[in-house]
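One-letter residues, chain by chain:
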Amino acid sequence: MRKMVAGELPPPPIMNLIDISGMEVEEGSVTFYLAPQEFHYNPLGTMHGGVLSTLLDSAAACSLHSTLPAGVGYTSLDLNVKFLRAVTVDSGQLTCKGGVLQKGRRTALTEARITDTAGRLIAHATSSCMIFEAPRS
């Protein structure tokens, strides 16, 4: 994760697809930045909930990733999202901060929050993740 931030490794394709503009990584916490654009819109003219969910899932799961040693993998088991405000280009840059709430040997509980430039909470999610030995290639 830190090598992606430093530009030593390329970001995963999903970051380019939804146009994530920045990322910060600390042990147990990952933050993503995204500026809403019209290509994120649903038919109602607001950011599609799937884009917000992708952002939340990424921040929550990558927060767990930041705590795992090489050779250990993870996957989301569920994602519970609460949408609180509509998002448009006028919302300004979104900040999505994820964190690890609890980590065991086989599962972890993570969360993520999206705020707008005014600091208002846009959406919140919790996620259960499974931890496993990564397959060898």
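I will try to describe carefully the structure that is included in this document. (Residues numbered from 1 in each chain as written. Predicted model: local features only at pLDDT ≥ 70, side-chain atom pairs only at ≥ 80, totals over all residues. Heavy atoms only, no water.)

## Description of the overall build of the protein chain
- Scanning the protein chain from N- to C-terminus turns up three helices and six strands.
- Ordered by position from the N terminus, the helices and strands of the protein chain form the series α-α-β-β-α-β-β-β-β.
- Referenced to the eigenvectors of the C-alpha coordinate spread, the extents of the protein chain come out at roughly 45 × 30 × 25 Å.
- Per-residue burial for the protein chain yields a buried fraction of 39% across its 137 residues.
- The long-range share in the protein chain, meaning contacts at least 24 apart out of those at least 6 apart in sequence, stands at 60%.
- For the protein chain, the exposed area adds up to about 7600 Å²; of that, 53% sits on carbon and sulfur atoms. (Helix = DSSP H or I, 4+ residues; strand = E, 2+ residues; numbered from the N terminus. Buried < 20%, exposed > 50% of the residue type's maximum accessible area, 1.4 Å probe, protein only. Contact = heavy atoms within 4.5 Å. Areas by Shrake-Rupley, 256 points an atom, 1.4 Å probe, with all protein chains shown as cover.)

## Details of helix α3 (residues 49-65)
- Spanning 17 residues, α3 covers 24 Å between terminal C-alpha atoms, matching the ideal 24 Å at 1.5 Å per step.
- Here α3 lies mainly inside the structure; twelve of its 17 residues are buried.
- Those residues of α3 not exposed but buried are Val51, Leu52, Ser53, Leu55, Leu56, Ser58, Ala59, Ala60, Ala61, Cys62, Ser63 and Leu64.
- Looking at the buried residues of α3, the elements they touch are β1 (20-26), β2 (29-34), β3 (72-83), β4 (94-103), β5 (107-115) and β6 (121-133). (Expected span 1.5 Å × (residues − 1).)

## Observations regarding the side chain of histidine 124
- You can see histidine 124 is positioned in strand β6.
- At 3.0 Å, the side chain of histidine 124 forms a polar contact with the side chain of glutamate 111.
- Once residues within four sequence positions are removed from consideration, histidine 124 is found in contact with Leu56, Asn80, Val81, Lys82, Glu111, Ala112 and Arg113. (Polar contact = N/O pair within 3.5 Å; in protein donor to acceptor, adjacent residues only side chain to side chain.)

## Things to note about the sheet that holds β5
- With antiparallel pairing, the six strands of this open sheet are ordered in space as β1-β2-β4-β5-β6-β3. The two strands at the open ends of the sheet, each matched to only one other strand, are β1 and β3. The average angle at which neighbouring strand axes cross in this sheet is 20 degrees, direction not considered.
- The pairing of β2 with β4 spans six bridges and is classified as antiparallel. When the sheet's bridge partners are listed, phenylalanine 32 is paired in β4 with cysteine 96.
- Against the sheet, α3 makes contact with β1, β2, β3, β4, β5 and β6, and its axis sits at roughly 140 degrees relative to β3, the strand it touches most. (Pairing = 2+ DSSP bridges. Axes fitted to C-alpha atoms, helices over the stretch in contact; angles between N-to-C directions.)

Functional significance is not addressed by these values, which are geometric in nature.
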